[in-house]
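Architecture and fold: a report
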Amino acid sequence: MQAWRLYKKGRGLELLDPAVKSSAVLEQVELCVRIGLLCVQADPRLRPDMKRVVIILSKKQSTLEEPTRPGVPGSRY
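Notes on the structure follow.

Turning next to the pattern of salt bridges. Per the stated rule, a full pass over the model turns up 5 salt bridges. Here Asp43 and Arg45 are joined by a salt bridge, their closest N and O atoms 2.9 Å apart. According to the relative accessible area criterion, Asp43 is buried, its value standing at 15%. With relative accessibility at 65%, the residue Arg45 sits in the exposed group.

Attention shifts here to the state of the cysteines. Per the stated rule, a full pass over the model turns up 0 disulfides. Considering cysteine sulfurs only, Cys39 is the nearest to Cys32, which forms no disulfide, with 10 Å between them. Classification of Cys32 by relative accessible area gives partly exposed; the value is 47%.

Looking now at the packing of helix α2 (residues 26-39) against helix α3 (residues 50-57). Where α2 meets α3, the closest approach of the two axes is 11 Å, and the angle between their N-to-C directions is 165°. Relative to α3, the element α2 lies roughly antiparallel. In this structure, the crossing between α2 and α3 has a hand that is right-handed. Here Leu31, Cys32, Ile35 and Cys39 of α2 lie close against α3, whose contacting residues are Val53, Ile56 and Leu57. Within the contact of α2 with α3, the residues separate by chemical class into 7 nonpolar, no polar and no charged.

Each value, and the rule that gives it
Residues numbered from 1 in each chain as written. Predicted model: local features only at pLDDT ≥ 70, side-chain atom pairs only at ≥ 80, totals over all residues. Heavy atoms only, no water. Salt bridge = Lys/Arg side-chain N within 4 Å of Asp/Glu carboxyl O. Buried < 20%, exposed > 50% of the residue type's maximum accessible area, 1.4 Å probe, protein only. Disulfide = S-S within 2.5 Å. Axes fitted to C-alpha atoms, helices over the stretch in contact; angles between N-to-C directions. Helix = DSSP H or I, 4+ residues; strand = E, 2+ residues; numbered from the N terminus. Parallel < 35°, antiparallel > 145°, perpendicular 65-115°, else oblique. Left-handed = near helix turned anticlockwise from the far one by under 90°. Contact = heavy atoms within 4.5 Å. Nonpolar A, V, L, I, M, F, W, Y, C, P; charged D, E, K, R; others polar.

Here it is as structure tokens:
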């Protein structure tokens, strides 16, 4: 939930380990945070499958939807 809160506040880069921040490509970090949040959405039907994740990571897809709130372990969506 911390990642979701930071992302919604526009502070998703704060998830990055300070030890690697100087060598990180911030655009790629933002993309990975967003993909991670898409993969843990409460409704499993909204989560991308691995084929789609690979397409997104290979930059073959330029548009990416906004993630919804993550699911809570043990709850139903």
